[in-house]
Amino acid sequence: MGFILTVLAPISWVNGTLLKIGRGIGIVAIALMVIAILIQVVARYLFNNALPWPDEAARFCMLWMTGLMAPTAFRRGGFVALDLISGLLPRGVAALLSLFLLLISLAILIVALPIGYAEVTGFGGKFATASLYVPTFDGWFRVPRSWMMLSLLVGVVLLLMVNVELILRSLIDMLGGGDRLPDLDLGDMAAGRE
Amino acid sequence: MLIWFLPLFLLFLMIGLPVFFGLLAAPGLLLWLNGQEKDITLLYRNVYNGMDSFPLMAIPFFMLAGELMNKGGITIRLVQFSQALMGHLRGGLAQVNVLSSILFAGLSGSAVADTSALGSMLVPAMEKEGYTRRYAAAITAASSVIGPIIPPSGIMIIYAYVMGESVAALFLAGIVPGILVGVGLMVMIRVTADRYDLPAAHKVEFDGVALGSLERWVSFILVRLNIGLLLWVIVPLPDTTGIMTWATFIGAVLVAHALMLALRTQVSDEFRTICKRAIVPLQTPVLILGGILGGVFTPTEAAAVAVAYAIFVAFFVLRTMRLSDLPDILSRAGLTSAVVLLLVGAALAFKTVVSLSYAPQILAEFILTLSENPLVLLFLINLLLFIVGMFLDAGPAIIILGPILGPIFVDLGVDPIHFAIIMSVNLTVGLATPPMGLVLFVAAAVSREKVETIARAILPFLAIEVIVIFLITYVPALSMTIPRLTGFAN
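All values derive from a computational prediction rather than experimental measurement.

What counts and how
Residues numbered from 1 in each chain as written. Chains lettered and ligands numbered in written order. Predicted model: local features only at pLDDT ≥ 70, side-chain atom pairs only at ≥ 80, totals over all residues. Heavy atoms only, no water. Contact = heavy atoms within 4.5 Å. Buried area = accessible area lost by both parts, 1.4 Å probe. Salt bridge = Lys/Arg side-chain N within 4 Å of Asp/Glu carboxyl O. Core = buried A, V, L, I, M, F, W, Y, C linked by side-chain atoms within 4.5 Å. Buried < 20%, exposed > 50% of the residue type's maximum accessible area, 1.4 Å probe, protein only. Pairing = 2+ DSSP bridges. Helix = DSSP H or I, 4+ residues; strand = E, 2+ residues; numbered from the N terminus. pLDDT = per-residue confidence, 0-100. Expected span 1.5 Å × (residues − 1). Phe/Tyr/Trp six-rings, centres within 6.5 Å; stacked < 30°, edge-to-face > 60°.

**Describing the interface of chain A and chain B**
Step number 1: Contacts between the two partners involve 60 residues from chain A and, on the opposite side, 68 residues from chain B.
Step number 2: Here chain A and chain B share an interface that buries about 5600 Å² over both sides, 77% of which is from carbon and sulfur atoms.
Step number 3: Taken together, the connections running from chain A to chain B amount to 3 salt bridges.
Step number 4: With its nearest N and O atoms 2.8 Å apart, the salt bridge here joins Glu119(A) to Arg45(B).

Have a look at this one:
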């Protein structure tokens with residue numbers, strides 16, 4: 001168990017740090033989404049100008065917000081699941097079931113990783129976005145779609161890292177070291193749900 | 001073979017796999033076993049394409065607007081307004097609880113937000129007035145399900161997007177059912193007043209209710225603008241253009257002002273202050289629905305405008321929020337919507353496999369062997385939805401069941417908007433049903449009462465909500481009239 005705890009510590013620190021940065025960017029992204037859509041409304045009604053870019057820019061931000069913030073929700077147990085059966089099982093069996101479920105999600109994320117990479121680097125990613133440009137020293141650079149598609153790939157990578165951390169935590173818990181686990185940065189995941 | 005993804009998915013769900021992974025694991029595994037590896041790439045692509053959507057952006061925006069309003073201190077204003085209207089009745093605070101939920105529903109699309117915001121304020125107040133804690137918690141939980149039925153509503157945005165329906169039509173269709181649930185609960189409170197020995201009717205006193213100078217002016221202008229606009233729209237005036245249009249509008253606002261002046265002598269100063277304090281928060285649903293109905297905004301734009309309005313109210317009118325509160329609010333809204341967006345993406349991927357597997361057709365054949373009468377089938381489907389709602393949150397349940405059940409009932413002649421409302425109301429009521437009702441747990445946390453105790457106390461209220469579900473099911477006009485009258489449904 002000592003070995004697993006030793007492996008867990010750096011993973012936990014890296015995940016905690018990355019997800020904190022992710023949340024920070026996600027907060028900025030959600031604020032930018034609101035600003036972009038308000039610019040769209042104001043431009044349409046006050047300046048009689050239907051801007052093409054706010055829609056795409058807001059979607060860009062939303063995708064990155066999702067990719068960067070969903071792993072935090074996963075780490076905090078915010079992914080919706082039924083815990084009926086695990087509540088009825090003896091503690092040891094429930095822990096084993098929880099590990100099994102984490103292995104299933106790990107398998108899904110491992111399958112998703114190369115697909116996501118191929119999508120970002122493949123044919124679809126080479127197209128340019130319809131209306132998003134960033135300024136460079138040589139003029140305006142049209143943002144490729146791969147920059148948007150990267151959001152889900154980054155989300156998969158972060159989910160994978162969180163999944164590995166949760167598996168290690170689950171193993172330690174099964175071996176009776178639950179009280180020695182490093183704290184997770186838990187927040188309130190219930191607010192805002194239906 | 002592909003049809004087996006449904007039982008496999010249910011198995012994954014039952015053993016506790018998060019819904020997001022279940023939606024991908026079951027079809028993915030069968031596609032792989034079927035030798036259709038290339039279609040697994042399609043699943044991934046559909047998750048991405050499913051999330052890359054403009055209409056879906058309304059979800060984080062409405063969540064954000066609700067959080068901002070909640071933090072901004074509007075709850076107390078809505079509760080006091082409800083008290084001024086209904087607090088003097090027998091079982092006054094119980095009635096106030098329901099009316100506050102109806103009003104709160106116009107600002108937030110979340111039953112959980114409703115339970116925690118109203119519960120933390122009203123449960124202790126009700127206890128102080130002699131209600132039992134379990135009764136107070138039960139009525140809070142039962143009335144909070146109105147939140148996602150009356151627009152704006154998170155689950156309706158999700159359903160509309162996944163099933164390709166109009167968000168505006170669903171929003172409008174939810175108004176009457178939501179109010180009906182509220183009225184049903186109010187009637188139940190009155191009917192059972194003796195049984196629960198509810199406090200007798202008495203006059204409500206408000207101490208130290210004040211109004212800031214900016215808020216006074218904002219509410220003054222908003223009331224006149226709203227009533228004036230309403231008069232201007234409904235009163236048949238000759239067609240005008242240019243300056244004459246403005247002149248008629250200003251005329252309507254002046255008439256509204258005269259009406260207000262006539263009314264002010266009829267009510268006490270205290271009552272007027274309470275009403276004025278509620279006007280600023282209650283402008284939110286007017287802005288959202290008015291904007292969508294008037295064709296001014298799309299639902300997503302209306303949601304963004306609601307956020308801007310909530311920020312304006314919280315920072316400048318009520319001055320109840322500081323800049324340092326914003327990151328926490330944005331983070332909460334972002335985290336919860338990220339989960340929902342991923343789920344919707346996975347649901348779109350799942351829906352593709354649903355179509356590929358001919359599951360709706362096979363299920364439809366099976367369902368038609370039970371009965372060919374749509375009324376009987378609707379009864380059975382309500383039963384199924386109610387049971388599902390007991391175990392699963394409304395959002396994921398609607399994501400999973402919508403693509404499977406929707407096409408079957410539309411083929412049977414049920415209007416898609418009507419079916420969406422049946423599903424939404426039924427699954428939302430499921431949020432307050434034991435054993436897995438989310439709002440029951442929140443009500444228990446807020447009131448410090450046991451979940452089991454609240455679950456027993458809520459039964460009479462659930463009974464009335466079940467009656468409303470059947471009313472909505474068998475009287476389509478209840479949900480369809482407003483969307484039809486406004487041209488949002490056929």
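**Concerning the nonpolar core**
Step number 1: Counting 235 residues, the largest nonpolar core has Phe79(A) and Phe461(B) as the members making the most contacts within it.
Step number 2: Apart from the residues lying within four places of it in its own chain, the contact partners of Phe461(B) are Tyr135(B), Ala138(B), Ile139(B), Ala142(B), Leu185(B), Met188(B) and Ile189(B).
Step number 3: Counting residues in hydrophobic clusters, the runner-up holds 6 residues, among them Ile4(A), Leu8(A), Ile172(A) and Leu181(A).

**Side note on the pairing of strand S2 (residues 139-144) of chain A**
All names here are of chain A.
Step number 1: Note that strand S1 (residues 128-136) and S2 share 5 bridges and pair antiparallel. Pairing of Ala128 across the sheet is with Pro144, part of S2.
Step number 2: Between S1 and S2, which pair antiparallel one after the other, the connecting turn spans 2 residues.

**Some remarks on the side chain of Gln83(B)**
All names here are of chain B.
Step number 1: Mapped onto the elements, Gln83 comes out in helix H5 (residues 74-86).
Step number 2: Gln83 sits in the buried class, given a relative accessible area of 18%.
Step number 3: Those residues in contact with Gln83 that sit more than four places away from it in its chain are His88, Leu93, Val96, Val204 and Phe206.

**Quick word on the confidence of the model for chain A**
Parts of the prediction with low pLDDT should not have their coordinates interpreted in detail.
Residues and elements named next belong to chain A.
Step number 1: When pLDDT is averaged along chain A, the result is 89, and 95% of the positions lie at 70 or above.
Step number 2: Considering each helix and strand of chain A separately, the mean pLDDT is smallest for helix H3 (residues 84-88), with a value of 79, and largest for helix H2 (residues 53-75), with 96.
Step number 3: Confidence over residues 190-194 falls short of pLDDT 50; this stretch has 23 contacts with residues more than four positions distant or in other chains.

**Quick notes on helix H6 (residues 92-105) of chain B**
Step number 1: In this model H6(B) runs 20 Å from its N-terminal to its C-terminal C-alpha over 14 residues, within 8% of the 20 Å that 1.5 Å per residue would give.
Step number 2: In terms of burial, H6(B) is largely enclosed, as 14 of its 14 residues are buried.

**Description of the packing of aromatic side chains**
Step number 1: For the coordinates displayed, the defined rule picks out 19 aromatic pairs over all chains.
Step number 2: An angle of 80 degrees between the planes, with centres 5.8 Å apart, marks the rings of Phe79(A) and Phe20(B) as edge-to-face. A residue pair is termed interchain when its members come from two chains, as with Phe79(A) in the loop between H2 and H3 and Phe20(B) in helix H2 (residues 19-33).
Step number 3: With relative accessibility at 8%, the residue Phe79(A) sits in the buried group.
Step number 4: Judged by centre distance (5.0 Å) and plane angle (50 degrees), the ring pair of Phe9(B) and Phe350(B) falls under tilted. Within this pair, whereas Phe9(B) is found in helix H1 (residues 5-15), its partner Phe350(B) is found in helix H15 (residues 326-356), the two being separated by 341 residues in sequence. Both residues of the pair, Phe9(B) and Phe350(B), belong to the buried class.
Step number 5: Joined through ring pairs, the aromatic side chains of Phe74(A), Phe79(A), Phe20(B) and Phe21(B) make up one cluster.

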